[in-house]
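Spelled out, the chains give:
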Amino acid sequence: MENSDDLNTIDVLVQRARTAQSSYERKGTQELFDLAAQAVGWALMKPEHNTTLAELAVKETGLGNVSDKIKKNHNKTLGLLRDLKDVKSFGHIGDDMELGLSTYLRPKGVIAAIVPSTNPLATPVNNIINALKCGNAIIVAPSPKGARPLEALLVHIHENLLAVGVDTDLVQMVPIPPSKAKTNRLMELADLLVVTGSQNNVRAGYSSGTPALGVGQGNVVTIIDDTADVKDAAAKIAASKIFDNATSCSSENSVIVLRSVYADTLRALENE
């Protein structure tokens, strides 16, 4: 059972995040927000950090494998930074002269990110990059098994944020050991929730009373029709299904095949 001191700790974290976010927004420029996002990305992508953190993640969670986690941490982070490059996420965006409307983007405030043990590094880094890119503070609530890897990651993130002149209170985590009570308190106090993982977590986010973006069960369905190169498709499905021991939500769970190419597809899958 959680005591009041543990829950008061969450209140203190959120207050520190609000203070840091207010200053970050006041000083806010697109250049500053982009620099902070890049600093966070490099904290995980730096090869020696990535290797050590991937090893720790596999050791602590018992999920995935080190070589694939290294690739995932690098590629997902680099891909997000590529997608966000030159994207305006703050301030005046444009004018509609016909309607007489101007569009502005502003931060939400303090984001709470609930992250799973399947991706204890790549998911929080992506959440943190998105939050800082838009001028927000963020507090990450890890799974119990993912808490140590996240704690180690935050050391590097804070070093990089200090190097670019950004307050480290913008990026915090629920103290170890994490718990449902602490996470629930965080969800009550935050301005926006980003919830990745189990259906229980997603439902808790949606019923918290705080606006929430939820990502539940993944493991996508692949559809193969008669325009597909079935050998190529089978090779990619196999590679995806075994990558990081199928811990990614994008890892295929089932395949729907048109009858006209069913036999060829089945043989191609068997060959893989």
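Above this text sits the structure in question.
These notes cover the structure that comes with them. This one's a predicted model, so the numbers in the text were calculated from it and none came from an experiment.

## As for the nonpolar core
Core analysis: the largest hydrophobic core is formed by 57 residues, its most contacted members being L132, I157, L161 and V171. Residues within four places of L132 in sequence aside, it is in contact with Y24, F33, A36, V40, L161, L170 and V171. Counting residues in each nonpolar core, the second largest holds 6 residues, with I224, A233, I237 and V261 among its members.

## Re the packing of aromatic side chains
Note on aromatic pairs: each is described by the distance of the centres and the angle between the planes. Inspection of every chain in the model, using the stated rule, returns 2 aromatic pairs. Consider the rings of Y24 and F33, whose centres lie 4.6 Å apart with planes at 40°: the pair is tilted. By the burial criterion, Y24 is buried, and F33 matches it. When the centroid spacing of 4.9 Å and the interplanar angle of 70° are considered together, the rings of F33 and F90 count as edge-to-face. Taken together, the residues F33 in helix α2 (residues 30-45) and F90 in the loop between α4 (66-84) and β1 (91-96) connect sequence positions 57 residues apart. The pair formed by F33 and F90 is uniform in burial state, with each residue classed as buried. Following the ring pairs from residue to residue traces out a cluster consisting of Y24, F33 and F90.

Analysis parameters
Residues numbered from 1 in each chain as written. Predicted model: local features only at pLDDT ≥ 70, side-chain atom pairs only at ≥ 80, totals over all residues. Heavy atoms only, no water. Core = buried A, V, L, I, M, F, W, Y, C linked by side-chain atoms within 4.5 Å. Buried < 20%, exposed > 50% of the residue type's maximum accessible area, 1.4 Å probe, protein only. Contact = heavy atoms within 4.5 Å. Phe/Tyr/Trp six-rings, centres within 6.5 Å; stacked < 30°, edge-to-face > 60°. Helix = DSSP H or I, 4+ residues; strand = E, 2+ residues; numbered from the N terminus.

Without other data, these values stay purely geometric and don't point to any function.
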